[in-house]
Amino acid sequence: MNLPARQAAQRVMGVDTSLRSSGVAVVQARGSILETVEYCVIRNPPARPVSRCLLHLSQSLADIIRRLEPAAAAVEGVFFCKNVKTALALGQARGAVLAAIAAAGIPVYEYPPRRVKQAVTGYGAAGKEQVRRMVMALLRLREAPQEDAADALAIAVCHLHGAVRWSGAALSPEEI
């Protein structure tokens, strides 16, 4: 009797980028089974200069990548910001994140916030608490992750849900 070959695990890192509090998560899929490898928040205190925040974010992410070896990374796409200062800080942090991922040679994919919410909750306008509860259910987490970490977990799950759907289709996520 031929038993099906054991499916290789696919590891994806999700990143919810922010200058002061970036969520990072690595989720692994083996077929349709998802499991959390690790999640955390990379914090920068308010008094730390922006240049030091960017360095800390980049180095911390590089350390996580080296240790956990994700095969791909998924980041949340940019959204509309009314405050120019906030948009600039987010753009700088995003650049540090993308550079750290690219330096590791990992493909990085971008997902709009509505698509992440749709993939996790089935509703593109879901609130943060609804996303957090669904992430906990999908990944069988006992404790609620911090908000930024929950968002990073959701981004990773979004990518993995898409990877399952795209594995046999002509469509694929767009690498940035």
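Attention in this report is confined to the structure presented alongside it. Here the structure is a predicted model, which means the values were calculated and not measured. (Residues numbered from 1 in each chain as written. Predicted model: local features only at pLDDT ≥ 70, side-chain atom pairs only at ≥ 80, totals over all residues. Heavy atoms only, no water.)

Our next topic: the overall build of the protein. Tallying secondary structure elements over the protein gives 5 helices and 5 strands in all. In the protein, the succession of helices and strands from N to C terminus is β-β-β-α-β-α-β-α-α-α. Burial status across the protein gives 43% buried among its 176 residues. Nonlocal contacts in the protein, meaning residues at least 24 apart in sequence, comprise 62% of its contacts between residues at least 6 apart. (Helix = DSSP H or I, 4+ residues; strand = E, 2+ residues; numbered from the N terminus. Buried < 20%, exposed > 50% of the residue type's maximum accessible area, 1.4 Å probe, protein only. Contact = heavy atoms within 4.5 Å.)

Every buried residue of helix α4 (residues 128-138) is accounted for by V131, R132, V135 and M136. With its buried residues spanning 135 degrees around the axis, α4 presents them on a single face. At the exit of α4 stands R140, carrying a positive phi of roughly 55 degrees. (Arc of directions from axis to C-beta.)

What follows covers the packing of helix α1 (residues 50-68) against helix α2 (residues 84-103). Their axes nearest at 9 Å, the elements α1 and α2 cross at an angle of 30 degrees. Accordingly, the angle class assigned to the pair α1 and α2 is roughly parallel. Every pair of crossing elements has a handedness; the one defined by α1 and α2 is right-handed. Between α1 and α2, the contacting residues are V50, L54, L57, S58, L61 and I65 on the first element and Q92, A93, A96, V97, A100 and I101 on the second. Here the residues of the contact of α1 with α2 sort into 10 nonpolar, 2 polar and no charged. (Axes fitted to C-alpha atoms, helices over the stretch in contact; angles between N-to-C directions. Parallel < 35°, antiparallel > 145°, perpendicular 65-115°, else oblique. Left-handed = near helix turned anticlockwise from the far one by under 90°. Nonpolar A, V, L, I, M, F, W, Y, C, P; charged D, E, K, R; others polar.)

This part covers the sheet that holds strand β3 (residues 33-43). Read from one edge to the other, the open sheet built from 5 strands follows the order β3-β2-β1-β4-β5, with strand pairing classed as mixed. The sheet is open, and its two edges are formed by β3 and β5 (108-111), each paired on a single side. Pairwise comparison of adjacent strand axes, ignoring direction, gives a mean angle of 20 degrees for this sheet. Sitting on the sheet, α1 touches β1 (10-16), β2 (21-30) and β3, and the angle it makes with β3 is about 155 degrees. (Pairing = 2+ DSSP bridges.)

By size, the foremost hydrophobic cluster in this structure holds 26 residues, and its most contacted members are V27, L34, V135, L139 and L153. Elements with a contribution of two residues or more to this core: β2, β4 (72-76), β5, α3 (113-121), α4 and α5 (147-166). Counting residues in hydrophobic clusters, the runner-up holds 23 residues, among them V26, I65, A100 and I106. (Core = buried A, V, L, I, M, F, W, Y, C linked by side-chain atoms within 4.5 Å.)

Viewed as axis vectors pointing N to C, α3 and α4 meet at an angle of 45 degrees, and their least axial separation amounts to 9 Å. Judged on the interaxial angle alone, α4 and α3 are oblique. In the packing of α3 onto α4, the handedness of the crossing is left-handed. Here K117, V120 and T121 of α3 lie close against α4, whose contacting residues are Q130, V131, M134, V135 and L138. Looking at the contact of α3 with α4 residue by residue, the classes come out as 5 nonpolar, 2 polar and 1 charged.

All right, on to the pattern of salt bridges then. Enumeration over the complete set of coordinates arrives at 5 salt bridges. Where D63 meets R66, a salt bridge forms, and the shortest distance between an N and an O atom there is 2.4 Å. Here D63 pairs with R66, and both are found in helix α1, just 3 residues apart, close to one helical turn. D63 gets classed as partly exposed once you look at its relative accessible area, which sits at 41%. For E129, the salt bridge identified is with R132, shortest N-O distance 3.4 Å. Of this pair, E129 and R132 both sit in helix α4, 3 residues apart, roughly one helical turn. The buried category is assigned to R132, whose relative accessible area is 18%. (Salt bridge = Lys/Arg side-chain N within 4 Å of Asp/Glu carboxyl O.)

Purely geometric numbers; function is a separate question.
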